[in-house]
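The primary structure of each chain is shown beneath.
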Amino acid sequence: MILQTLDAYYRRKQMDPDPSKRLPSFGLEDKEIPFVLDIDEDGRLINITDTRNGEGKKKVGQRFLVPQGVKKTSGVAANLLWDTAEYALGIDTRDKPERVAEQHAAFRARIEALPDAAREDAGIGAVLAFLDAFNPELFAGSPAFADIQATNPVMSFRLHSDLGLVCQRPAVVAATANQAEEVPDGMCLVSGAPAAIERLHPAIKGVWGAQTSGANIVSFNLDAFSSYGKAQGANAPLGKAAVFAYTTALNHLLARDSRQRIQVGDASTVFWAEETHDLENTMADLFGDPPKDNPDKNADAIKALYASVASGQFSIGGPDTRFHVLGLAPNAARISIRFWETATAAELAGRIKQHFDDLGVVHAPHDPEHLSLFRLLTGVALLNKADNIPPNLGGEVMRSILEGLPYPASLLNLAVVRCRAEQKPTYARAAVIKACLNRHIRFRKTAEKEFTPMLDPSNNNPAYRLGRLFATLERIQEDAAGGPGKLNATIRDRYYGAASSTPAAVFPTLLRLSKAHLGKLSAGFAITRERLIGEIMDGFDADTFPPRHLALPDQARFALGYYQQRQAFFAKTEPKTPEEIQ
């Protein structure tokens, strides 16, 4: 199913009205070529063109359409008219002269094996003449050549009178296409038609954490993986054309500048539709952090999503268009499928909207209206660092969003643990807690009331009210000291962990201390605070208050109650203390 939809996406992009957006034809690939050797028709070197842009290690070479690369293994395998300097020029960069000589010989053999019609092309003749006369010592003083010797980059050839590379000349392209057409020797699982089965599939590049040289989705390299006497690619028979299509499409989606990929934890996530659709262009904005030069981009995309769900229409594409999302994770030399979801655009948009609805919680004015997935995950990670996000968490959360399922239990656990460890529920953690609790309530169909984005005084859940009470006692302590920020440490800094897990151990002490703090306030102000304490205490059963311990879900309710009560203190107008009046 995955390979079939990727094959269909490749064919759709082949028909793109904009030629610059079309994917390479069968037998070609889009490749970064840092250096191009410009030669004349007699094979004389005219110039060494450095196509790279940028500085230092961030230099990126220009991309060209070249004959599809061969599958590199431990043996010698050369590409046609482009390859590393060792293959293309026979330059020894690793002190292995015998191997380099073998590689260069293979490179020449690929060119000489071209059909006669291609061999007669002026570009091919020029390349062979250049290779015959090439002498590294003649270019020893060239800075570009020194860089080539030091880095062994990929390079190709170009006739000085042409704009394109020699490998892009019509005679070479025609020969490449003819060579790709082979006699069928099996039934392709993607097309369902007889085809020449591909034994080794091209590498998939761009999956975060995988090998930089690329990894494979379909791969068999040991006898243990053989079945019914079939080995290598015959285990999953795919025609050469289908293999080219799905690998080209996936590499395109995973490209560095792709607008159809996002990184969610360790899962490299790509998405595409069966026809041009608005969601293809906005999905990255929905879940990613907005760029610094356009901080409203994320909010604008979410606003457009809400409008589309409300109207049932999209600016580009229809509501019934099938949409596909694929999550990939590294697994040594292979790639594992972390999740795969396919649904109509309307269904998917509705699930994403529900995700943002579930996360909605009151926050400070300077906080973003909607939290990106990255901020959400780092918010529950140790030290708020991306490196500390558990490996599988991002993919599991994304799957929950796309399939409309409850969030993973580990997400709620992490949020509660970080609140307790740092003695502070934050915006991101409160959003996670509210979303996880509400989805649990909704899917289990329990009698518990769902939590609202704002403070809910009518919610009588004991753990939620304990959190509210703790926030109120902390505020009374701050009021007695002259307002928030006057104390180096509040009761939260000393007692939050115990209050949220073993309330009976600390709340009697905290309530007794509050009486001393209330005595320092003006009469009217003290009455206001006492009235709030009384309102919160009315929701408790006198026989069970305070509870001896709270289970982890109740610790989550405590944290949410504390956070919303604190936000309520800052949101509404407070009676001023005498010190504030002065």
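Every value quoted in this text rests on a predicted model; they were computed, and no experiment measured them. (Residues numbered from 1 in each chain as written. Predicted model: local features only at pLDDT ≥ 70, side-chain atom pairs only at ≥ 80, totals over all residues. Heavy atoms only, no water.)

1. A few points about the packing of aromatic side chains
Logical step 1: Going through the model one piece at a time under the given rule, you end up with 17 aromatic pairs.
Logical step 2: Ring centres of Phe 470 and Phe 558 lie 5.9 Å apart, and the angle between their planes is 45°; this geometry places the pair in the tilted category. One end of the pair, Phe 470, is in helix 16 (residues 462-480); the other, Phe 558, is in helix 20 (residues 552-571), with 88 residues separating them in the sequence. An identical accessibility class is assigned to Phe 470 and Phe 558; each is buried.
Logical step 3: Sitting over the face of the ring of Phe 570, Arg 475 holds its NZ or CZ atom 5.6 Å from the ring centroid. (Phe/Tyr/Trp six-rings, centres within 6.5 Å; stacked < 30°, edge-to-face > 60°. Helix = DSSP H or I, 4+ residues; strand = E, 2+ residues; numbered from the N terminus. Buried < 20%, exposed > 50% of the residue type's maximum accessible area, 1.4 Å probe, protein only. Lys NZ or Arg CZ within 6 Å of the ring centre and 35° of its normal.)

2. Some points on the nonpolar core
Logical step 1: Ranked by internal contacts, the top residues of the largest apolar core, which has 87 residues, are Met 283 and Phe 470.
Logical step 2: When residues of this core are assigned to their parent elements, the largest contribution, 10 residues, is made by helix 15 (residues 427-444).
Logical step 3: When residues no more than four places from it in sequence are discounted, the contact partners of Phe 470 are Ile 491, Arg 492, Tyr 495, Tyr 496, Ala 499, Phe 507, Leu 510, Phe 558 and Tyr 562.
Logical step 4: Counting 40 residues, the second-largest nonpolar core is a separate cluster that includes Phe 35, Ile 48, Ala 78 and Leu 114. (Core = buried A, V, L, I, M, F, W, Y, C linked by side-chain atoms within 4.5 Å. Contact = heavy atoms within 4.5 Å.)

3. Things to note about the state of the cysteines
Logical step 1: This model, assessed by the stated rule, comprises 0 disulfides.
Logical step 2: A disulfide-free cysteine, Cys 436 has its sulfur positioned 12 Å from the sulfur of Cys 419, the nearest such atom. (Disulfide = S-S within 2.5 Å.)

4. Section: the packing of helix 16 against helix 19 (residues 523-537)
Logical step 1: Contact geometry of helix 16 with helix 19 gives a least axis separation of 9 Å together with a crossing angle of 165°. As the angle between them shows, helix 16 and helix 19 are arranged roughly antiparallel. Handedness of the crossing formed by helix 16 with helix 19: left-handed. Contacts between helix 16 and helix 19 pair Arg 465, Arg 468, Leu 469, Thr 472, Leu 473, Arg 475, Ile 476 and Asp 479 from the former with Phe 525, Arg 529, Leu 532, Ile 533, Glu 535, Ile 536 and Met 537 from the latter. (Axes fitted to C-alpha atoms, helices over the stretch in contact; angles between N-to-C directions. Parallel < 35°, antiparallel > 145°, perpendicular 65-115°, else oblique. Left-handed = near helix turned anticlockwise from the far one by under 90°.)

5. Some points on the pairing of strand 2 (residues 35-39)
Logical step 1: Here strand 2 lies mainly inside the structure; 5 of its 5 residues are buried.
Logical step 2: A two-sided burial pattern is seen for strand 2, the buried positions comprising Phe 35, Leu 37 and Ile 39 on one face and Val 36 and Asp 38 on the other.
Logical step 3: One ladder, built from 5 bridges, connects strand 2 with strand 3 (residues 45-50); its direction is antiparallel. Bridged to Val 36 within strand 3 is Thr 49.
Logical step 4: Once strand 2 ends, the chain turns through 5 residues before running back antiparallel as strand 3, passing Gly 43 with a positive phi of about 85°.
Logical step 5: Of the strand pairs in this sheet, strand 2 and strand 6 (residues 154-159) are connected by 5 bridges, and their pairing is parallel. If you follow Leu 37 over to strand 6, its bridge partner there is Phe 157. (Pairing = 2+ DSSP bridges.)

6. Observations regarding unusual backbone geometry
Logical step 1: Cis geometry marks the peptide bond from Phe 545 to Pro 546, where omega comes out at -15°.
Logical step 2: Within the secondary structure, Pro 546 sits in the loop between helix 19 and helix 20.
Logical step 3: One non-glycine residue, Asp 95, lies in positive phi territory at about 60°.
Logical step 4: If you trace the backbone, Asp 95 turns up in the loop between helix 2 (85-89) and helix 3 (97-112).
Logical step 5: For Asp 95, a relative accessible area of 68% puts it in the exposed group.
Logical step 6: With a phi close to 60°, Leu 383 is a non-glycine residue in the positive phi region.
Logical step 7: Mapping Leu 383 onto the fold places it in the loop between helix 12 (373-379) and helix 13 (393-403).
Logical step 8: Residue classification places Leu 383 among the exposed residues on the basis of a relative accessible area of 56%.

7. Some details on the sheet that holds strand 5 (residues 82-84)
Logical step 1: Reading across from one edge, 3-2-6-5 is the order of the 4 strands in this open sheet, with mixed pairing throughout. Of all the strands in the sheet, just strand 3 and strand 5 have a single pairing partner and so form its edges. Strand-to-strand twist across the sheet, computed as the mean angle between neighbouring axes with direction ignored, equals 25°.

8. A word on the side chain of Thr 472
Logical step 1: Along the chain, the position of Thr 472 falls in helix 16.
Logical step 2: Looking at Thr 472, the relative accessible area reads 0%, which means it is buried.
Logical step 3: Side-chain polar atoms of Thr 472 contact the backbone oxygen of Arg 468, separated by 2.9 Å.
Logical step 4: Leaving out residues up to four positions away in the same chain, Thr 472 has contacts with Leu 532, Ile 533, Ile 536, Gln 565 and Phe 569. (Polar contact = N/O pair within 3.5 Å; in protein donor to acceptor, adjacent residues only side chain to side chain.)

9. A word on the environment of Val 183
Logical step 1: As for its position among the elements, Val 183 is in the loop between helix 7 (170-180) and strand 7 (186-187).
Logical step 2: Separated by 14 residues in the primary sequence, Val 183 and Ile 197 place their C-alpha atoms 9.3 Å from one another.

Honestly, that's just the spatial picture; any functional story needs more than this.
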